[in-house]
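Residues per chain, in single letters:
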Number of protein chains: 2
Amino acid sequence: MPLTLKDIAKIAGVAESTVSRAINNKPGVGAQTREKIMEIVREHNYQPNQLAQGLAKRETHLLALIVADLTGPGYSEIIKSMEKTANQAGYQLIICNTDNNLAKEKTYLNLVGQHRVDGAIILGGTLANNNIMKLALNQDELLVLVNCLAEEVLIPTVLVDNARGGYLATVHLLEQGLEKIALVMGPANDFLESEKLNGYQQALADYNIPFREQLIIKTNLSREGGYNAFFRVMKIDELPDGFFVTNDLLAIGLTEAIKMGGYLIPGDFAVVGYGDSIISAVINPALTVVAEPLQQLGRLAAEYIIKLINDQAIEEVIRVLEPELIIRESSSP
Amino acid sequence: MPLTLKDIAKIAGVAESTVSRAINNKPGVGAQTREKIMEIVREHNYQPNQLAQGLAKRETHLLALIVADLTGPGYSEIIKSMEKTANQAGYQLIICNTDNNLAKEKTYLNLVGQHRVDGAIILGGTLANNNIMKLALNQDELLVLVNCLAEEVLIPTVLVDNARGGYLATVHLLEQGLEKIALVMGPANDFLESEKLNGYQQALADYNIPFREQLIIKTNLSREGGYNAFFRVMKIDELPDGFFVTNDLLAIGLTEAIKMGGYLIPGDFAVVGYGDSIISAVINPALTVVAEPLQQLGRLAAEYIIKLINDQAIEEVIRVLEPELIIRESSSP
DNA sequence: AAAATCTTCGCAAGCGCTTGCAAACTTGTT
DNA sequence: AACAAGTTTGCAAGCGCTTGCGAAGATTTT
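Residues numbered from 1 in each chain as written. Chains lettered and ligands numbered in written order. Predicted model: local features only at pLDDT ≥ 70, side-chain atom pairs only at ≥ 80, totals over all residues. Heavy atoms only, no water.

Peer 1: I tried to follow the nonpolar core on my own but got confused; where do I start?
Peer 2: Counting residues in each nonpolar core, the largest one holds 146 residues, and the members touching the most others are Phe243(A) and Phe243(B). The element that contributes the greatest number of residues to this core is helix H13 (residues 294-309) of chain B, accounting for 10 residues. Residues within four places of Phe243(A) in sequence aside, it is in contact with Leu173(A), Ala182(A), Val184(A), Phe230(A), Val233(A), Leu254(A), Ile258(A), Phe269(A), Ala270(A), Val271(A) and Val272(A). The next biggest cluster of nonpolar side chains, apart from the first, holds 36 residues, and it includes Leu109(A), Ile66(B), Val112(B) and Val117(B). (Core = buried A, V, L, I, M, F, W, Y, C linked by side-chain atoms within 4.5 Å. Buried < 20%, exposed > 50% of the residue type's maximum accessible area, 1.4 Å probe, protein only. Helix = DSSP H or I, 4+ residues; strand = E, 2+ residues; numbered from the N terminus. Contact = heavy atoms within 4.5 Å.)

Pasting the structure below:
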């Protein structure tokens with residue numbers, strides 16, 4: 001059984017309140033009394049019971065990390081840096097994997113409302129927007145969004161400029177002299193995906209290349225999706241000379257299909273992927289990709305939520321991070 | 001401000017204790033009283049404050065997931081299934097990434113001792129053994145180990161039979177008629193690695209192939225490690241005809257080196273990897289691997305710790321799961 | 001040296017819940 | 001009709017901590 005405040009007070013020969021004030025660096029304790037108490041605390045390795053502390057102060061120092069699928073691309077990296085930042089500020093992360101299950105989602109979002117956690121971070125994906133909204137409308141629910149965006153309601157968010165990413169990728173291909181660039185993407189109702197499309201279009205416009213609807217292949221974000229996309233594209237009248245693929249799995253499938261078709265990358269088709277997972281680096285040929293600042297994403301999210309909890313101002317409610325182009329073999333001239 | 005027990009009691013016109021008993025399905029509440037209370041609870045969507053509940057019952061329904069590096073291979077998969085299982089039993093996982101930092105490790109392990117969490121799961125890696133021991137010696141610290149093993153002290157553990165994995169991989173290569181099988185592995189002081197070596201040796205013995213120390217390449221578990229391993233092996237007098245690689249990253253590096261050297265897989269060298277990450281499937285050629293039952297690992301770990309918490313017996317203190325061989329191109333005849 | 005001010009400290013209530021115990025109420029038995 | 005036995009409910013203490021407020025002590029002021 002761990003020591004309690006009472007025990008420390010008894011040992012030190014002072015009242016519990018004095019010990020409490022000493023430990024929490026609050027005024028109202030004499031210098032030598034404080035030192036004596038701290039000495040005893042150190043000696044006995046006393047650590048206050050967070051439950052009791054939380055109950056009294058109405059805070060848990062817990063953060064809910066709500067994510068549809070923990071195994072998402074780059075998520076471990078993001079989460080790792082999130083945990084680190086949170087931890088340094090004295091917070092712990094609790095995992096809430098929703099599996100895209102509406103009920104679980106709701107339960108988890110409730111954690112905040114029920115004062116079980118001090119705040120929540122929603123990471124990526126298709127978390128039901130109305131759930132979020134309902135939560136957000138309860139004024140004091142603290143919430144930060146990472147790599148996703150809420151509609152109709154303003155919630156502190158940190159995300160990557162996917163339009164910029166799409167732009168970078170497309171421009172890179174255009175700069176290689178390619179003009180018929182196919183875009184293989186996921187469902188366009190996903191904000192992240194549609195932004196990439198925007199960037200793609202912007203790039204074409206800047207280079208005076210006409211946009212051709214045919215070259216946009218929407219499929220599901222999977223390996224098969226990528227695989228099939230290639231054969232779908234091969235059916236159109238004028239073949240593309242380059243591919244911009246918005247997702248890792250898609251890229252894998254696509255490159256497999258290309259090779260299967262007996263074509264060479266980058267000889268016949270240049271390919272640019274999205275997301276600097278290890279996969280894109282080991283695939284053959286190594287993929288040129290738009291890389292997202294994963295660590296920064298995680299760190300900022302943690303910083304944001306902690307600031308919110310402490311009633312500190314946030315610089316930018318929607319913080320947009322710049323992606324970066326990593327050039328490898330799959331797009332060399 | 002959420003409703004409290006008191007509020008519900010007032011609405012129902014009964015004492016708090018009655019409400020508490022009704023909610024917790026305890027005896028001593030009349031049927032219609034109970035129903036009436038539950039009705040009100042539902043209607044107001046009341047959820048007890050876990051902090052207060054925890055304080056009174058001395059339990060938090062929190063589990064610490066202690067892991068050296070969250071981004072480890074297959075960990076997201078394990079964690080996902082762990083979270084699911086824990087959650088179904090009413091527990092939440094809190095992330096504790098130690099970064100192999102001894103101080104953090106200690107702090108996190110303390111969470112258990114300080115009654116901040118009801119139990120802890122240590123996942124993989126090189127968590128300092130003496131830390132664990134010290135913790136384990138405190139009788140009532142609840143701890144489960146996943147994919148690692150404690151020395152000198154018996155702690156409930158669930159892990160994969162790596163010796164079996166090594167055996168399967170090696171036998172598979174032997175069955176292809178290969179006789180000079182190199183083993184590329186991580187540091188042998190890692191129990192997981194040394195077990196694979198044991199399996200390898202056992203397989204050789206069963207097939208009457210002499211063990212040759214030269215063919216064992218110990219390196220660090222990284223891509224470069226794998227890359228360099230190949231060139232180290234090429235210096236020995238008699239070249240191998242097959243490789244058993246104990247790790248994903250290692251396998252990537254090794255295959256790169258092999259291709260770089262102008263050799264073919266599986267033509268010149270057959271390769272078998274370990275751990276069925278997506279990487280092994282997308283690499284060229286697709287890797288034959290020993291796959292670990294990741295989901296089961298996570299689920300069992302959660303089940304174990306929850307059983308411990310509830311003072312239930314555990315079938316086997318050390319639960320060993322069977323790996324499985326997935327045959328792909330890299331080892332075809 | 002007494003009064004006024006500041007500092008240091010302890011008392012006690014409260015955070016929201018659980019639980020042992022006794023009071024009140026049922027029901028069954030003779 | 002009276003009592004035993006069982007059931008249902010409420011009282012109150014306690015989990016370990018924080019914090020407002022007043023008491024005591026130390027320090028300064030006139």
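Peer 1: What exactly am I supposed to notice about the interface of chain A and chain B here?
Peer 2: It is common to give the size of an interface as the accessible area that goes away when the parts come together. Taken together, the 49 residues of chain A in the interface contact 49 residues of chain B. Taken together, both faces of the contact between chain A and chain B bury some 4,400 Å²; the carbon and sulfur share is 59%. Sorting the residues of chain A by area buried against chain B places Leu51(A), Ile95(A) and Arg116(A) first, and these three jointly supply 14% of that buried surface. At the boundary of chain A with chain B, the tally comes to four salt bridges. The shortest N-O distance in the salt bridge between Lys104(A) and Glu83(B) comes to 3.9 Å. The tally of links from chain A across to chain B stands at 12 residue pairs in polar contact (both at pLDDT 80 or more). (Buried area = accessible area lost by both parts, 1.4 Å probe. Salt bridge = Lys/Arg side-chain N within 4 Å of Asp/Glu carboxyl O. Polar contact = N/O pair within 3.5 Å; in protein donor to acceptor, adjacent residues only side chain to side chain.)

Peer 1: For this particular structure, what's the right way to read the packing of aromatic side chains?
Peer 2: The way to describe two aromatic rings as a pair is by their centre distance and the angle between their planes. For the structure shown, the criterion picks out 18 aromatic pairs over all chains. Plain terms: the ring middles of Tyr200(A) and Phe211(A) are 6.3 Å apart, the flat faces sit at 75° to each other, and that makes the pair edge-to-face. Within this pair, whereas Tyr200(A) is found in helix H9 (residues 191-206), its partner Phe211(A) is found in the loop between H9 and strand S7 (216-218), the two being separated by 11 residues in sequence. A centroid spacing of 5.3 Å and a plane angle of 75° characterise the contact between Phe230(B) and Phe231(B), whose relative ring orientation is edge-to-face. A connected cluster of aromatic rings, assembled from ring pairs, spans Tyr227(A), Phe230(A), Phe231(A), Phe243(A), Tyr263(A) and Phe269(A). Lying over the aromatic face of Tyr274(A), Lys196(A) brings its terminal NZ or CZ to 4.2 Å of the ring centre. (Phe/Tyr/Trp six-rings, centres within 6.5 Å; stacked < 30°, edge-to-face > 60°. Lys NZ or Arg CZ within 6 Å of the ring centre and 35° of its normal.)

Peer 1: How should I be thinking about unusual backbone geometry in this particular structure?
Peer 2: For residues that are not glycine, phi is negative in most cases, and the peptide bond is trans in most cases. A cis amide bond, omega 5°, links Ile265(A) with the succeeding residue Pro266(A). Secondary-structure assignment places Pro266(A) in the loop between helix H11 (248-260) and strand S9 (270-274). Note the cis peptide between Asn284(A) and Pro285(A), where omega equals 0°. Along the chain, Pro285(A) falls in the loop between helix H12 (278-282) and strand S10 (288-291). Of note in this structure, His61(B) is not a glycine but carries a positive phi near 60°. Summarising the element assignment, His61(B) is placed in the loop between helix H4 (50-57) and strand S1 (62-67). Of note in this structure, Asn208(B) is not a glycine but carries a positive phi near 55°. Take Asn208(B): it is sitting in the loop between helix H9 (191-206) and strand S7 (216-218).

Function-wise, these values are silent; they only describe arrangement.
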